[in-house]
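Below, each chain spelled out in residue letters.
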Amino acid sequence: MNTLSILNLLAGLILAPLLPGIINRTKAVFAGRHGQPVLQTYFDIFKLLRKGAVYSRTTSWVFRLSPVIGLAAVIAAMTLLPALSAPAPVSFAGDLILFAYCFGLLRFFLVAAALDTGSAFEGMGASREVQFSALAEPALLLGLAALARATGSLSLTGIFSASAGPSAGPALALVSAALFIVFLAENARIPVDDPNTHLELTMIHEVMVLDYSGPDFAIILYTSSLKMWALGALLVNVLFSFLPLHGPAAVACVAGSMILLSVLVGIVESIMARLSLLKVPQLLAGAVAISVLALTLVLRFTS
Amino acid sequence: MSLLLLPLIIFFAGALLQMVFGRRVAVVRVAGPAITVAGALAGLIPVIRAFGGKSVTASLPWSMPFGSFSVEMDGLSALFALPILVICALAAVYGSEYLKSFEGKKNLAGFWFFFNVLAGSMLLVVTARNAILFLLAWEVMSLSSFFLVIFESEQEHARRAGWTYLVATHIGTAFLLVLFCMLGAQAGTLDFSGFSAAGMAPKFLSAAFLLAVIGFGTKAGFMPMHVWLPEAHPAAPSHVSAVMSGVMIKTGIYGLLRVLTHLGTPPAWWGWVLVAIGAASGILGIVFALSQHDIKRLLAYSSVENVGIITAGIGIGMLGMSYGNDAMMLLGFAGALLHVLNHSIFKSLLFLGAGSVLHAAATREIDRLGGLMKRTPFTGAAFLAGSVAICGLPPLNGFLGEFMIYLGSFKALTGSAAACPAAGVVVIAALALIGGLAAVCFTKAFGMIFLGEPRSDAAAHAHECGPAMRIPMLVLAALCVAVGLAGPFIPKLLIPAVQVLAGRQMTDGNFFAPTERLLTNISLFATGVLALSALLLVLRTRLLRNKPVSESVTWDCGYAAPTARMQYTASSYADPVVRLFKLFLQTRRKFVSPKGLFPEKSSFSSATPDFYRERMYRPAFNATEKFLTRFQWLQHGRLNLYILCIMVTLIVILVWKLR
């Protein structure tokens, strides 16, 4: 652990709520609107932190505990993330598995909280969430396996500080594609979920947190931003792992690329419609297939 | 008298004495569980010795031909004996209260007799070192658990489940008989110590391996030999299900491992067979689990899934062994063994929780439950811990074993000694999918039973169980947390067993140190997650202090009169995934749609019967039955003719022998 890795972690913790703002601003520009401030998520979070809360009578302590465990899980996942050659605060062999499973913990409690409200809408959202993430998980882990094979390392820090060699280029491109689909699905973006929808029946992530208010909802919003940062930074790390950047430049590169990634997500959301819910499993199965293909390539073409 | 004989004597002699002298209800209530707890405590002494590296052995004179009463507690036996003793003791304490409602209606003296015999025979199975003794203990274990399954024999489903179990377990034992006869004929003795792979033809060894996989796999619940499991486990009283699902099926894993230690270095395809069985059992097990409506059936199928994970780990370990990749072997075997321990903890916890739900609301139908967290808070919290653990999520114990198996598969992919990358890919993909589907299954089980509003009157008037049922659940839930945080100490439990499996002493510090460091890291990380959660919880509570906090109804889009029946049901929750796997599940749906301008009654029901039972076993057994009915004319009921048959047979044998 050194100052650079702390800097990297702090950049994520502080800048993450910027991402939804940038996505929304991009969409507004595309639609010819002025749009909300880029810092809107920060304003929302601080406003909510000052408020009281309203709880449903149906809920139990699981509902109150869940946001806290979710936030702890996603912060824990972020401590495992390096920025290119800048090491992560925590790293050991196999931490890539832990990284994936931290999101599993977050999801378990988010879904439990949704079921705790006893609402049919939230049950429906929870059902879709677990279905899609069950398919996204193999894509993520097989993609990580391809990276591990290409670099011969079993920790995220090791993977991104080693150079994979030019023969792994096509495989890395395929892994990036799979991770981008996982990134969109896990963060409830178009084409999997539409964060702007106003109909409870069609929501996935938004409907699951419908009954939260006050500081709990602030935690939920922050957790979502962090999750977007964590999975996005993983993707950015794969994309730019060939750059010979060191020290603060690497951290700055990752943070800067995160902003570009948000613009890209904004563009995707502006030019694409959401997929029908029945088609989403096919998209995710496609991501798994891409990961398997990447893995086949690295197994065949690297020693 | 040896230390190892004492627990066996307590279990068996205690069971007999209690059957003879203590048949009064008040005596049985205390004596039955007390014998189990005493036997378990006595059994822990040799287990601890074996973990310390010193095997405990004992032998008694026995006049059985080819048999010898030799028992030994080595590292591998101790690893399986530990959960057997702990879970049996906890289940017995739980049972002392759970069975109260049966007092006066059922023969509880008989129940505790079979329960203690089951505990003793399981201990004997994992310590026996002679094939005759092993098979005898194996048979006693199967029969005593059969009598526990048909405890509620007045119900037809229990009798049918018991019958299925009895048939399945004996088909498995038949394969074991052949296996041990083969090994014995080759070695010239039926003592395990005489079995050796040296000088045996590879074909012979492979045949022995396949017999062991089928015979022991039937007990362990490998797909497609699992069909008895979802029938028998739900039918038994819940604490018996906890023992059967938590530890008894692991004797199958133990048997397979024990036989493997005598078959020498395995060829690669053995490892592949286990990887394939493991992946198939794991994925299909959890898919069948999440389509079930009955909580105990769901848990039984999830045992098939977890046995699949364990088997995949053993497969990875064997591949590592045959390719000489030590890291892969160590991680595969150690991960599988750790998952054996972990699964026994959380699966028994979940079965005890399910028993408490059944006790509280008198139904096992998930769709009739709901809102129990407020009515049975202890059971709810314990069930939550078990659910998080069984999904293999980080701060709890379930993650550790799966993590080691994952890492073993990653080792197969990377590194210089990359031996069998394809097997690594299969296991990684299977574990990832299983992880995702287990989350669906157990958010469904926990969420629909304990959260939301009660879906029936029985659930609304549920009541919490008493202390004798609470304490075992509390202990197991605490163990889920404790094992998750005890990473640095776990290798000490696993190393003796892995050394037995590897067939050599591995004192090399470089070999075990990485594993120890690895588990320490995970446990430190888990501690960090828990500490961070606690810190954030304090922060959140401080933020809400002096703020208006009020209660209201759940957001319902402005609808004025929501009822509990409008909640999402467990069936609809799991339905998208069930449809995704419809090829395997073949769920039957019956839907009567509302008709007319003033719609009257409509209904929907779905059921997912076991594919293999319907398509494989039922036709096979029907054909067998048809064939055998041709011989029914022999069964005429006339005793004098029966005796004549016996006489004729004896004379024929005599003549043939004296010829």
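Residues numbered from 1 in each chain as written. Chains lettered and ligands numbered in written order. Predicted model: local features only at pLDDT ≥ 70, side-chain atom pairs only at ≥ 80, totals over all residues. Heavy atoms only, no water.

Draft legend 1. A look at the overall build of chain A. Within chain A, the regular secondary structure consists of 12 helices and 1 strand. Ordering the α and β elements of chain A from the N terminus gives α-α-α-β-α-α-α-α-α-α-α-α-α. In terms of C-alpha radius of gyration, chain A reaches 19 Å, essentially the compact-globule figure of 19 Å for 303 residues. Viewed in the frame of its principal axes, chain A has a C-alpha envelope of about 60 × 45 × 40 Å. Considering chain A as a whole, with its 303 residues, one finds that 65% of them fall into the buried category. Nonlocal contacts in chain A, meaning residues at least 24 apart in sequence, comprise 81% of its contacts between residues at least 6 apart. A total accessible area of about 10100 Å² is found for chain A, and carbon and sulfur atoms account for 70% of it. (Helix = DSSP H or I, 4+ residues; strand = E, 2+ residues; numbered from the N terminus. Rg over C-alpha atoms; globule rule 2.2 N^0.38 Å. Buried < 20%, exposed > 50% of the residue type's maximum accessible area, 1.4 Å probe, protein only. Contact = heavy atoms within 4.5 Å. Areas by Shrake-Rupley, 256 points an atom, 1.4 Å probe, with all protein chains shown as cover.)

Draft legend 2. Spatial organisation of the overall build of chain B. Check the secondary structure of chain B and you find 25 helices and 5 strands. Here the C-alpha atoms of chain B give a radius of gyration of 26 Å, agreeing with the 26 Å that 2.2 N^0.38 yields for 659 residues. Overall, the C-alpha framework of chain B stretches about 95 × 70 × 50 Å when taken along its three principal axes. By the burial criterion, 58% of the 659 residues in chain B qualify as buried.

Draft legend 3. Local environment of the interface of chain B and chain A. Opposite the 71 residues of chain B that make contact, chain A presents 73 residues. Regarding the contact of chain B and chain A, the summed buried area is about 6200 Å², with carbon and sulfur atoms giving 75% of it. Three residues, F525, R540 and Y568 of chain B, lead the burial of chain B against chain A; their summed loss comes to 10% of the area buried on that side. Applying the counting rule to chain B against chain A returns 2 salt bridges. Here R64 of chain A ties to E551 of chain B by a salt bridge, and the two come within 3.7 Å at their closest N and O atoms. At the junction of chain B with chain A, the criterion picks out 17 residue pairs in polar contact (both at pLDDT 80 or more). Looking at the side of chain B that touches chain A, the elements with two or more residues in it are α14 (372-375), α15 (377-390), α16 (398-413), α17 (421-450), α21 (509-544), β3 (549-552) and α22 (570-580) of chain B. A total of 16 residues in the side of chain B that touches chain A trace back to one element, the largest contributor, which is α17 of chain B. Considering only residue class, the side of chain B that touches chain A consists of 48 nonpolar, 15 polar and 8 charged. Pairing analysis gives 4 bridges linking strand β1 (residues 53-56) of chain A to β3 of chain B, with the strands arranged parallel. Directly across from Y55 of chain A, in β3 of chain B, lies its bridge partner E551 of chain B. (Buried area = accessible area lost by both parts, 1.4 Å probe. Salt bridge = Lys/Arg side-chain N within 4 Å of Asp/Glu carboxyl O. Polar contact = N/O pair within 3.5 Å; in protein donor to acceptor, adjacent residues only side chain to side chain. Nonpolar A, V, L, I, M, F, W, Y, C, P; charged D, E, K, R; others polar. Pairing = 2+ DSSP bridges.)

Draft legend 4. Spatial organisation of unusual backbone geometry. Omega for the bond connecting I190 of chain A with P191 of chain A falls within 30 degrees of zero, at 10°, which places this linkage in the cis form. The omega torsion of the bond from M223 of chain B to P224 of chain B falls at 5°, within 30 degrees of zero and hence cis. Along the polypeptide, P224 of chain B turns up in the loop between α7 (202-220) and α8 (229-235). Located in the positive-phi region is A188 of chain A, a residue other than glycine, with phi close to 55°. If you trace the backbone, A188 of chain A turns up in the loop between α8 (169-186) and α9 (205-208). The buried category is assigned to A188 of chain A, whose relative accessible area is 10%. Despite not being glycine, F66 of chain B shows a phi value in the positive range, around 65°.

Draft legend 5. Representation of the packing of aromatic side chains in the model. Residues and elements named next belong to chain B. Scanning the entire structure with this criterion turns up 36 aromatic pairs over all chains. With 5.7 Å between their ring centres and 35° between their planes, F192 and F195 make a pair best called tilted. With a relative accessible area of 3%, F192 lands in the buried category. Centroid distance F209 to W270: 4.5 Å. Interplanar angle 0°. Geometry classified as stacked. (Phe/Tyr/Trp six-rings, centres within 6.5 Å; stacked < 30°, edge-to-face > 60°.)

Draft legend 6. Local environment of the layout of surface pockets. Residue and element names in this part refer to chain A. By volume, the largest pocket amounts to about 1000 Å³. Contributing to the lining of the largest pocket are 40 residues, with P20, R189, P195, E206 and L221 lying nearest its centre. Those elements that provide at least two residues to the lining of the largest pocket are α2 (18-31), α3 (40-49), α4 (61-78), α5 (95-116), α9 and α10 (214-239). In the lining of the largest pocket, the residues fall into 16 nonpolar, 15 polar and 9 charged. (1 Å grid on protein atoms, 1.4 Å probe; cavity = no way out; pocket = protein on both sides within 12 Å on 5 of 7 lines; lining within 4 Å. Points joined across faces, edges and corners; volume = space filled by probe spheres on them.)

Draft legend 7. Main features of empty space enclosed by the protein. Residue and element names in this part refer to chain A. Within this structure, the stated rule accounts for 9 cavities of 30 Å³ or more. Taken as a whole, the largest cavity encloses approximately 110 Å³ of empty space. What lines the largest cavity is simply E129, F132, S133, A136, A185, E186, A188, V192, D193, I204, H205 and K227. Broken down by secondary-structure element, the contributors of at least two residues to the lining of the largest cavity are α6 (120-151) and α8. Examining the composition of the lining of the largest cavity, we find that 4 residues originate from one element, α6, more than from any other. Tallied by class, the residues present in the lining of the largest cavity amount to 6 nonpolar, 2 polar and 4 charged. Approximately 80 Å³ is the volume found for the second largest cavity.

Draft legend 8. The arrangement of the packing of helix α9 (residues 238-248) of chain B against helix α10 (residues 250-261) of chain B in detail. All names here are of chain B. Contact geometry for α9 and α10: axes closest at 6 Å, N-to-C directions at 20°. The orientation of α9 relative to α10 falls into the category roughly parallel. On α10, the residues touching S245, G246, V247 and M248 of α9 are K250, T251 and G252. Along the lines of polarity and charge, the residues of the contact of α9 with α10 split into 2 nonpolar, 4 polar and 1 charged. (Axes fitted to C-alpha atoms, helices over the stretch in contact; angles between N-to-C directions. Parallel < 35°, antiparallel > 145°, perpendicular 65-115°, else oblique.)

Draft legend 9. Just the domain arrangement of chain B, in detail. Splitting chain B by domain gives domain 1 (269-535 + 570-581) and domain 2 (611-658). In this structure, domain 1 of chain B and domain 2 of chain B have C-alpha centres spaced 45 Å apart. (Domains from an automatic or database assignment.)

Draft legend 10. Region of interest: the pattern of salt bridges. Counted under the stated rule, the structure contains 20 salt bridges over all chains. For the salt bridge of E186 of chain A with K227 of chain A, the shortest nitrogen-to-oxygen distance reads 3.1 Å. With E186 of chain A in helix α8 and K227 of chain A in helix α10, this pair connects stretches of sequence that are 41 residues apart. For the pair E186 of chain A and K227 of chain A, a shared accessibility class is recorded, and that class is buried. Of the charged contacts in the structure, one is a salt bridge between R589 of chain B and D575 of chain B, with a shortest N-O distance of 2.7 Å. One end of the pair, R589 of chain B, is in strand β4 (residues 588-592); the other, D575 of chain B, is in helix α22, and 14 residues separate them in sequence. Bridged by salt links that share partners, the residues R107, E137, E186 and K227 of chain A form one connected network.

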